[in-house]
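# Overview (structure and organization)
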Amino acid sequence: MTTALPPDEVRRVTCVGAGVIGGGWVAHFLARGYDVTAWDPAPDAPEKLRRLVDAAWPALTRLGLAEGASPERLTVAPALEEACAQAQFVQESAPEKLELKRDLLAQLDAATPKDVVIASSTSGYPMTDMQTQAADPQRLLVGHPFNPPYLIPLVEVVGGRSTAQWAVEWASRFYEVAGKSVITMERELPGFIANRLQEALWREALHMVANGEATVKEIDDSITEGPGLRWAFMGPCLTFALAGGEGGMGHMLDHFGPSLKSPWTRLEAPELDSALREAMVAGCEEAADGRSIAELVAERDQGVIDVLRATGRLPGGDAR
Ligand SMILES: NC(=O)c1ccc[n+]([C@@H]2O[C@H](COP(=O)([O-])OP(=O)(O)OC[C@H]3O[C@@H](n4cnc5c(N)ncnc54)[C@H](O)[C@@H]3O)[C@@H](O)[C@H]2O)c1
């Protein structure tokens, strides 16, 4: 039996770990009108977090803020226990290291009131592997976002072996109320759904750079000028069904099925040695063509807003 607060009555959210993703969550929850408490052990975390929220706020304002939403409603707590004491929901976004996540989730469990759900932003660890040290693992689950969490709608929700069904349902509903688009997974899968797909593409991109088969810019252009345009509104399966013409997916599979067995993709990751690292960093600098990270972030944010609006997923009006 749970005494959890109904998801639509949540007013106070705690974000633990305030880097790229934790900071993005902070910006999202602030824009949706929540009081947000953040905690991050890095000495420079509060300034970095304020910079991230300040950079995101113009895009969030153009999108439309919830009533009363304000960056002033962010509190940075000096200690984890203080951050969690009044929490009505906790989002963990600490570094992707299994031992660290295990310890941290146990600490969060000890510091957070009973029946408050604690979600991890992990990119790929199953919750079953992370909830092993918590005294009350039933309210621990994965809420996997995409960067930046304040603009990309998707969250993948999945529990571990010790997670209660009520917690999974509660979190799915809470994220929806908080403006996210939710996929609730029935079973655990390392990397969840979208990261398994992203990873396959990414591995192949690294192989092509490592072997001098394509440049970073060619790889990026091949997606933004090609399949990426379709994927923003129609997924890879339905777009391939159209590749079969009037015969749809059936014809597509009969026609191109044999090439699935030809060696178009390498399933093992390439060795991430210093030469490949250097080639990727230099290639990205060339592709950025003088634009700073902050300029690219602003460009990406506007691009996502434009796509969301153009595909009917935002209310009308001027988003510039
Ligand atoms: N970057 C992405 O695109 C992305 C997307 C989805 C999910 N994620 C996941 O989000 C999580 C955070 O990734 P990120 O990219 O924001 O990393 P990041 O390095 O930008 O931020 C991690 C933050 O955690 C803080 N930290 C270090 N030790 C901590 C501790 N013990 N407790 C709390 N905070 C601690 C660091 O000071 C840092 O600010 C990871 O689990 C990652 O897999 C990342």
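Residue positions within a chain follow its written sequence, with the count starting from 1. In keeping with the model being predicted, local features are shown solely for residues with a pLDDT of at least 70 and side-chain atom pairs are shown and tallied solely at 80 or more, while totals for entire chains, interfaces and linings include all residues.

## A closer look at the UniProt feature "domain: 3-hydroxyacyl-CoA dehydrogenase NAD binding" (unreviewed entry) in the chain
UniProt positions are given in the numbering used here, feature names are shortened, and annotations may be inferred rather than shown by experiment. Here, UniProt's "domain: 3-hydroxyacyl-CoA dehydrogenase NAD binding" (unreviewed entry) annotation points to residues 13–185. Strands are runs of DSSP state E lasting at least two residues, helices are runs of H or I lasting at least four, and both sets are numbered from the N terminus onward. Between the C-alpha atoms that bound residues 13–185 there is a distance of 23 Å. The span itself is 39% helix and 19% strand.

## Thoughts on the site of the ligand
Close contacts around the ligand come from 23 residues, with Gly17, Gly19, Ile21, Ala42 and Ser123 the closest. Of all elements in the fold, only helix H1 (20–31) and helix H4 (98–111) reach the threshold of two or more residues within the shell around the ligand. Take the shell around the ligand: its biggest share by element is three residues, from H1. Residues are grouped as follows: Ala, Val, Leu, Ile, Met, Phe, Trp, Tyr, Cys and Pro are nonpolar; Asp, Glu, Lys and Arg are charged; every other residue, Gly included, is polar. For the shell around the ligand, the residue count by class is 13 nonpolar, eight polar and two charged. A residue counts as near a molecule or strand when its C-beta atom, positioned from the backbone, falls within 6 Å of it.

## Section: the packing of H1 against helix H2 (residues 45–63)
Two numbers describe how H1 lies on H2: the axes approach to 9 Å, and their chain directions differ by 50°. The pairing of H1 with H2 is recorded here as oblique in orientation. As for how H1 packs across H2, the hand of that crossing is right-handed. Residue-level contacts link Gly23, Val26, Ala27, Leu30 and Ala31 of H1 to Leu49, Leu52, Val53, Ala56 and Leu60 of H2. Partitioned by chemical class, the residues of the contact of H1 with H2 number nine nonpolar, one polar and no charged. Axes here mean lines fitted to C-alpha atoms, for a helix over just the part in contact, with angles spanning 0 to 180 degrees between N-to-C directions. To sort the angles, those under 35 degrees are grouped as roughly parallel, those over 145 as roughly antiparallel, those from 65 to 115 as roughly perpendicular, and the leftovers as oblique. Here a crossing is taken to be left-handed if its near helix is turned anticlockwise relative to the far helix by less than a right angle, and right-handed if that turn runs clockwise. Contact between two residues is assigned whenever their backbone-derived C-beta positions fall within 7 Å.

## What to know about the environment of Ala87
Along the chain, Ala87 falls in the loop between helix H3 (80–85) and strand E4 (90–92). A count of 22 C-beta atoms within 10 Å places Ala87 in the buried class. It is 20 Å that separates the C-alpha atoms of Ala87 and Val155, two residues lying 68 residues apart in sequence. If we ignore the near neighbours within four places in the chain, the residues touching Ala87 are Arg12, Thr14, Thr112, Pro113 and Val116. Counting other C-beta atoms within 10 Å of a residue's C-beta gives its exposure: the residue is buried at 20 or more, exposed at 12 or fewer, and partly exposed in between, where C-beta atoms are placed from the backbone.

## As for the sheet that holds strand E1 (residues 12–16)
Here the rule is simple: two strands pair whenever DSSP picks up at least two bridges between them. What the eight strands build is an open sheet, ordered E3-E2-E1-E4-E5-E6-E7-E8; its pairing is mixed. Every interior strand has two partners, whereas the edge strands, strand E3 (74–76) and strand E8 (181–184), have only one. Pairs of neighbouring strands in the sheet enclose a mean axial angle of 25°, with direction left out of account. Sheet topology places strand E6 (residues 140–144) next to strand E7 (residues 154–159); four bridges connect them, and they run antiparallel.

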